[in-house]
Amino acid sequence: MSDHVGRENGAKTGRSPPTNPGTTDLDHDDYDDLEFACGHDHARSTDHYAFIYDNDDGVDQLALAASFVRQGLERGERCLYVADDNSRGDVLTAMRSNGIDVDDALESGSLSLLTPAEMYSQDGEFDPEAMLEFWEETLAESKADGFTGLRATAEMTWAVGERASDEALVEYEALLNPLYRNEEYTVLCQYNRDEFSDAVVEDVLETHPYITLEDGVSENVYYEPPDTDEDETAVDQMLETAAERTETKSELRSHKRYLRELYEATANDTKSFAETVEQFLELGCKRFGVEIGFFARIHDDEFEILHARGSHEHIQQGSRDALERSYCQVVIDSPDPICTIDVPAEGWNDDLAYETYGLDCYIGTQIDVRGTPYGTLCFASTSPREHSFGEDEVTFLELMGEWITTELEREDRERAQRTLYEIAADTEQTFDEKVQSMFELGCDRFDMEFAGIATIDRNSDRLEVEVTNGGHERIVSGAQLPLSETYCRKTASVEETCAVVDPVEHGFADTLTYDRFDMQAYLGTHLDLEGEPDRTFWFASSEPRTSDFTESERTFHHLMGQWVTDELERQQYERNLERTVEQLKRSNDRLKQFAYAASHDLREPLRMISSYLQLLENRYGDELDEDAHEFIGFAVDGADRMRAMVDDLLAFSRVEQAEGSFETVDCNAVVERALNDLRVQIHDREARITVDPLPLVEGDREQLEQLFQNLVSNAIKYSGDGESRVDITATQRSGWWEIAISDNGIGIESEQTDRIFEVFRRLHQNDEYPGTGIGLSLCQKIVDNHGGDIWVESAPGVGSTFFVTLPSNTTE
Ligand code: ADP
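Residues numbered from 1 in each chain as written. Predicted model: local features only at pLDDT ≥ 70, side-chain atom pairs only at ≥ 80, totals over all residues. Heavy atoms only, no water.

Q: I'd love a proper account of the packing of helix α12 (residues 391-425) against helix α16 (residues 551-620), names of residues and values included.
A: The N-to-C vectors of α12 and α16 enclose an angle of 5°; their axes lie 11 Å apart at closest approach. The pairing of α12 with α16 is recorded here as roughly parallel in orientation. Judged by residue contacts, Arg413, Ala416, Gln417, Leu420, Tyr421 and Ala424 of α12 engage Ser552, Phe556, Leu559, Met560 and Trp563 from α16. (Axes fitted to C-alpha atoms, helices over the stretch in contact; angles between N-to-C directions. Helix = DSSP H or I, 4+ residues; strand = E, 2+ residues; numbered from the N terminus. Parallel < 35°, antiparallel > 145°, perpendicular 65-115°, else oblique. Contact = heavy atoms within 4.5 Å.)

Here it is as structure tokens:
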């Protein structure tokens, strides 16, 4: 505050500014003219005003406060109003009457109307120190947003009662003066005389350099400037603490913000790996304040840049260079990220990397995949950096690196698994070829050279190598070893995958495989096979392993072992099946030949029996008595029945041996011929037969005729005493024809409906219904030959329907 207090430079009011400090001569109705900030020269001011008003003495507190705000807005200051004694509405109305475009000011952010809680007790209670931070931050933000300063006024009634102790309030008011000094603050504290005690008003008078009473703004003669060094020091310390806190807070905020951005980048699963890495590079450049970022892969002595950001000539996607000419080598050699903010200052500048790339500041971390170096993620600039890299920044880089590692390992895992499935599903490869492909895949995945499968027998302590990848000259297929002398002894008694990474530690120091065959690491699974000798499936290496096998490597190995087990079991099953089928086929062939031969050869002696019985009857008929005639009759009848059976059997074995030369067969014609063959039976039983249009099918004409003939014949035979009716219908289903032969006969008990298709299965005595019990099994055989099905639905006393399905070859 300047040392004079006066009115605004006359243009508006036409009055001259007062030249002397002192009370401004003030017309109460004209608060417009009150001047609260003495020019813009804040370098000299502590614009901290107390406005002590009394509702009864006619001072229009709101008009004055509004005028204070308006002046601030006109000066381009950011204005805060803390309402408490008056309602928000009243305050805004007063501002509007004072010519302030309130809506515009609120919207643009140049004016904020706050509650005391928002202003003074953001953390729940009034804390003078926190308020200092608030003032500093708000001024800094306001200036950053283009405001010329910060202006605030508060109705101090908020502090009455419990909300802030008088001491805290006065302490706070006193602290503000050094803070406000020489800074762009203009603050008006409004004290309602009726609400505060005399003691407080006294303190208010002592802590505010300027005072506004009913008749104007004046320098406060009671003001006691903080003049002791101790006070200054105390306040300075507080301010310093506040500044430090503000800085830490803002660093923390920015760290959190970057972490959030990093999290968002990784959580977005619509983005590819490459896109996320590109985003990391952008984010890292922003975070570290550098212009170059890259992700490089190393191959032997070379590195290749996979993704890059920035316009450095040599750091572009696809650039390659020798490792030794880059800082990548240093990054790979270091267990932690490396960073430097000024290469020349740190004396690295005569190295090859500096000569080639000229990077002055650099931060980089190693990317490992499955424990071995894969590449580097680095950020750099061609100019040095002012501040060293903070812990947060290193953590940020490490987090990005860890994500890349995790993703690459996941890809690696998925790729191996895909390959495994491809090998397993490859129908072109034989089992042995697949096993070799699997050996190759495992060696690559586990970084091992040898692989094999061996049969083991714990009782006799034997291991016999079955198959290997040919990697080791001593471990060859057929080689026999004592099981206890091998790493496989560890695998032999457990189900899970076993690893040996430190043979001496694991008690294998004197074993053949370690001592003589020089195998330094091992990963094996026990294959437990049903009905076969146990096996082990393993990988081994002559190179010692630096780290244990990861869980995912063990799982992958187990998965391979599982496949080998399944495959071996399947093979065994197939072998057994083939053997059984072969045996069955042979016995079936023998049976067919036997049935054919038997039925064929039986016909002749049968004919002889019948003929000679006939001859006996004819020649000696007169000499025989009645009993003898009857006996001959039984013998002839038996011979006839036997001939019928032999004929049916012969028909059956013919159908069984048929080669199956199929042609398109019209079922209408087939049924017509069958009915023709059955005309005597139809006539005798006066059977009524209806036939719907039937389809064309692919089949054996003769067999189909036999099929229909048997079914219709049975339908008539088992029709009972009443009128015999047989209906033949056909229905097309998808891919099938379903032909139904239904009768109104005696029907079949439901528990017999399956058994009647067995050979010789009959449900009646011969004198009741004659027959051989072969007809339906012949039908079954014929339908089988045609790839169809046959079954019956029946109700005793109502009738039976036999269904036959045949594949449909046409669409009609
Ligand atoms: P069978 O020479 O005895 O007729 P099948 O093999 O043709 O021999 O039939 C076996 C048995 O199925 C018959 O004995 C009979 O009991 C029963 N059966 C066959 N068709 C019918 C039908 N349409 N109605 C009732 N029972 C039947």
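Back to the text.
Q: Mind laying out unusual backbone geometry, listing which residues take part and the relevant values?
A: With a phi close to 60°, Asp447 is a non-glycine residue in the positive phi region. With respect to the helices, strands and loops of the structure, Asp447 is situated in the loop between α13 (431-446) and β14 (450-457). Phi angles above zero are rare outside glycine, and Phe760 is one such case at about 65°. Tracing the chain through its elements places Phe760 in the loop between β24 (736-743) and α21 (775-785).

Q: Quick rundown of the packing of aromatic side chains? Include the residues and the values.
A: For the structure on display, the rule yields 29 aromatic pairs. Between the aromatic rings of Tyr120 and Tyr172, the centroid separation amounts to 6.3 Å while the plane-to-plane angle is 85°, which identifies the pairing as edge-to-face. Here Tyr120 is found in helix α4 (residues 116-120), whereas its partner Tyr172 is found in helix α6 (residues 166-180), with 52 residues between them in sequence. Each member of the pair, Tyr120 as well as Tyr172, is classed as buried. Ring plane angle 25° and centroid distance 6.2 Å describe the contact between Phe439 and Phe537, whose orientation is recorded as stacked. Within this pair, whereas Phe439 is found in helix α13, its partner Phe537 is found in strand β19 (residues 535-541), the two being separated by 98 residues in sequence. The pair Phe439 / Phe537 is uniform in exposure class, with both members buried. Looking at Arg151, its charged tip hangs above the ring of Phe68, at a distance of 4.6 Å from the centre. Across the ring face of Tyr258, the terminal group of Arg257 is positioned such that the distance to the ring centre comes to 5.3 Å. (Phe/Tyr/Trp six-rings, centres within 6.5 Å; stacked < 30°, edge-to-face > 60°. Buried < 20%, exposed > 50% of the residue type's maximum accessible area, 1.4 Å probe, protein only. Lys NZ or Arg CZ within 6 Å of the ring centre and 35° of its normal.)

Q: I'd love a proper account of the pairing of strand β13 (residues 372-381), names of residues and values included.
A: Counting buried residues along β13, 8 of its 10 residues qualify, which places the element largely inside the surrounding structure. By the bridge criterion, 6 bridges tie strand β8 (residues 292-299) to β13 in an arrangement that is antiparallel. If you follow Phe294 over to β13, its bridge partner there is Cys378. In the sheet, strand β12 (residues 361-369) pairs with β13 via 9 bridges, with the strands oriented antiparallel. Looking at the pairing, Gly364 lines up with Cys378 of β13. Connecting the antiparallel pair β12 and β13 is a turn made up of 2 residues, with Arg370 showing a positive phi of about 50°. (Pairing = 2+ DSSP bridges.)

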